[in-house]
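Structure at a glance
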Number of protein chains: 2
Amino acid sequence: MKKISDPGAYLERQRHAVEKFLAGLFDAGGAPSSLQEAMRYSVNAGGKRMRPLLVMAAAETLGHPGEKLLPVAAALELVHTYSLIHDDLPAMDDSDLRRGKPSCHRAYGEAMAILAGDALLTLAFELVAGYGLQEGRPAQALQIALELARAAGREGMVGGQVLDLEAEGKAVDLEGLEKIDRLKTGALLQAAVRCGAIAAGASKEQLKALDGYASRLGLAFQITDDLLDLEGDTAEMGKETGADRVRGKATLPALLGTEAARRRAGELYCEALASLEALEKPAELLRELARRLVFRTK
Amino acid sequence: MKKISDPGAYLERQRHAVEKFLAGLFDAGGAPSSLQEAMRYSVNAGGKRMRPLLVMAAAETLGHPGEKLLPVAAALELVHTYSLIHDDLPAMDDSDLRRGKPSCHRAYGEAMAILAGDALLTLAFELVAGYGLQEGRPAQALQIALELARAAGREGMVGGQVLDLEAEGKAVDLEGLEKIDRLKTGALLQAAVRCGAIAAGASKEQLKALDGYASRLGLAFQITDDLLDLEGDTAEMGKETGADRVRGKATLPALLGTEAARRRAGELYCEALASLEALEKPAELLRELARRLVFRTK
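Residues numbered from 1 in each chain as written. Chains lettered and ligands numbered in written order. Predicted model: local features only at pLDDT ≥ 70, side-chain atom pairs only at ≥ 80, totals over all residues.

Overview of the overall build of chain A
Each helix and strand counted, chain A has 15 helices and two strands in total. Rg of the C-alpha trace for chain A: 18 Å, near the compact-globule value of 19 Å for 298 residues, within the 12% margin. If you line up chain A on its principal axes, its C-alpha atoms span 50 × 50 × 35 Å. Here chain A holds 298 residues, and the buried ones make up 56% of them. If you take every contact in chain A between residues at least 6 apart in sequence, the share linking residues at least 24 apart comes to 72%. (Helix = DSSP H or I, 4+ residues; strand = E, 2+ residues; numbered from the N terminus. Rg over C-alpha atoms; globule rule 2.2 N^0.38 Å. Buried ≥ 20, exposed ≤ 12 C-beta atoms within 10 Å, placed from the backbone. Contact = placed C-beta atoms within 7 Å.)

Description of helix H8 (residues 157–167) of chain B
Most of H8 of chain B is tucked away: nine of the eleven residues are buried. Within the sequence span of H8 of chain B, burial applies to Met157, Val158, Gly159, Gly160, Gln161, Val162, Leu163, Asp164 and Leu165 of chain B. Check the buried side of H8 of chain B and you find it contacts helix H2 (33–43) and helix H6 (110–135) of chain A together with helix H4 (70–88), helix H7 (138–152) and helix H9 (174–199) of chain B. At the C-terminal side of H8 of chain B, glycine 169 of chain B shows a positive phi close to 75°.

Structural notes on the relation of the copies chain B and chain A
With an axial shift of 0.0 Å and an RMSD of 0.0 Å, the rotation relating chain B to chain A amounts to 180°. Interpreted geometrically, this transformation is the action of a two-fold axis. Distance from the rotation axis, computed per C-alpha, reaches its smallest value in chain B at proline 138 of chain B: 2.6 Å. Both copies contact each other with a shared surface, as 100% of the interface residues of chain B are interface residues in chain A too. (Least-squares fit on C-alpha atoms with pLDDT ≥ 70 in both.)

Here we look at helix H9 (residues 174–199) of chain A
Residues and elements named next belong to chain A. Helix length check: H9 (26 residues) gives 35 Å between terminal C-alpha atoms against 38 Å at 1.5 Å per residue, within 8%. Of all the 26 residues making up H9, 20 are buried; the element is thus mostly covered by neighbouring parts of the structure. Where H9 ends, the next residue or the one after it, glycine 201, has phi of about 70°, a positive value. (Expected span 1.5 Å × (residues − 1).)

Focus: unusual backbone geometry
Residues and elements named next belong to chain A. Phi is positive for arginine 99, close to 50°, though the residue is something other than glycine. As for its position among the elements, arginine 99 is in the loop between strand E1 (97–98) and strand E2 (101–102). The exposure class assigned to arginine 99 is partly exposed, which follows from the 15 C-beta atoms found within 10 Å. A positive phi angle, close to 55°, is found at glutamate 280, a residue other than glycine. In this structure, glutamate 280 sits in the loop between helix H14 (258–277) and helix H15 (284–294). For glutamate 280, a count of 10 C-beta atoms within 10 Å translates into the label exposed.

What to know about the interface of chain B and chain A
Tallying the contact residues gives 46 residues for chain B and 46 residues for chain A. When contributions to the side of chain B that touches chain A are tallied by element, the ones reaching two or more residues are helix H2 (33–43), helix H6 (110–135), H7 and H8 of chain B. Considering only residue class, the side of chain B that touches chain A consists of 28 nonpolar, eleven polar and seven charged. (Nonpolar A, V, L, I, M, F, W, Y, C, P; charged D, E, K, R; others polar.)

Some thoughts on the nonpolar core
Soluble, globular proteins show a tendency: their nonpolar side chains are buried together. Counting residues in each nonpolar core, the largest one holds 210 residues, and the members touching the most others are Val128, Ala145 and Leu148 of chain A together with Val128, Ala145 and Leu148 of chain B. Leave out the neighbours within four places in its chain, and leucine 148 of chain A touches Ala75, Val79, Ala124, Val128, Ala191 and Cys195 of chain A. (Core = buried A, V, L, I, M, F, W, Y, C linked by C-beta atoms within 7 Å.)

Comments concerning the packing of helix H1 (residues 7–23) of chain A against helix H3 (residues 50–61) of chain A
All names here are of chain A. At a closest axis distance of 10 Å, the pairing of H1 and H3 adopts a crossing angle of 120°. As far as their axial angle goes, H3 and H1 are oblique. H1 and H3 meet at a crossing whose hand is right-handed. Touching Leu11, Gln14, Arg15 and Val18 of H1 are Pro52, Leu53 and Met56, all from H3. Tallied by class, residues from the contact of H1 with H3 come to five nonpolar, one polar and one charged. (Axes fitted to C-alpha atoms, helices over the stretch in contact; angles between N-to-C directions. Parallel < 35°, antiparallel > 145°, perpendicular 65-115°, else oblique. Left-handed = near helix turned anticlockwise from the far one by under 90°.)

What about the environment of cysteine 104 of chain A?
Residues and elements named next belong to chain A. Counting through the fold element by element, cysteine 104 comes out in helix H5 (residues 104–108). For the pair cysteine 104 and isoleucine 85, spaced 19 residues apart in sequence, the C-alpha separation works out to 6.1 Å. The contacts of cysteine 104, once residues within four sequence positions are left out, are Ala38, Tyr41, Ser42, Ile85, Asp88, Ala113 and Ala116.

Next up, the structure:
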């Protein structure tokens, strides 16, 4: 890949393409319009589209056009959105707000929120399968589906959510906390990077370098999230903040203090960038995304 | 395929293989044991394993060994099980019993039930992807994943569940009712047959014949279910029966009367068997499964 002179502008264009693709997903003829409305509501509620951008940036970095991967990129966003809908449910985190708007179950009722989440998760795999058949790359698409399923499932995101719920109100040490974060948010971010890389036909060495980048990024991202939760107010974050503290949820800032947590996020950021060196490719896009994920204010 | 002299015994052997395969699924090292316990509880709660058997019988009928498809067969059962767990939730059908035992949320709590369902759905796609990579049949596995996702998602099972919830307490005509049934239960039964057929390399004509079989079977199955709900008692069905009537849910027996509904199920059964004629293959297994699905007492 040639060096991209303005990675920020480049990512904005990609993000625009992702938004457009996502907006076109909810007009399936055979589905109840109420269900599609709830799905669209949550997917269009905003968000930075970091997972789709990671898919496309990883592919671009290895010389594969990012826009070819829009269905895969969108699949990652759908899995992320479904997890937010289910996490917000009364039986789980019981959140009334998400991204500054009523959470899905507050807007459409609990039954519809459960089903909208189920349908988004299912649609993610439909998109990946459709991509593989359309592009004539079945083996790579299957590998992508496997990555996505593992990252999203019992040994990934869902497993992390279980550990997170079980840890509420209990003493959790640093190791336990990093395990929760690695599963709950890290696994899907890492899958985003890996899916893009697999589509680009990455070598084992390239995958290893990208894993190093993504795993650190995931942890740094979660620490930033926890710091914002601790410090932010509802208006800024668009969700109920300080909520972790109220529920007695263990977070790294709560465990180590704000200053040490901020330092740890910075270290992880540096390690993530250092991992990219082994790629021996210009990786401005991935560096820019790391910067956005770690040094954000909302 | 040679004519199978004792399809009943043959299906029992296949069913045994399915049980064994399912029992081995819940020891993944990286997943929380509490989550796996809830998943195992619901998957092992019994059930006739009709969807896995349909996968394997469809493949066998077209000359492909059924046991090669155990991961795909299991995937169908996991999707079915996840749908039961989520349907039973308080926000949905609010059922305390399932197959004679406490429903998943009664046994493990609501949060765990939501997450166990999510994890089972995700694991289904993991199994299909793993099957395709291991067997070196990526294009067929992708086609199977696509079938499964479409049948399970917004234009299939989840869509049907939405329509079903929205129809509660409202007047629904025969056409509306058959649409709900076709999506809510028919789509996944049909997908089971189609997945087995695709794995066996079915021709378009064969798929068409099997579609004819499966679509009638799905409707007949649902009518039988509704009749049993209407007539049965809790001990026999192992779930709360008469519950449809209490919630004012429209069913075909409620709309047409018991006798007409029974006749309709019988007609659909005959049409299903007639569709198999076009296969020009001995299809005792599929005939036997139809018999079991339609003429059952629980």
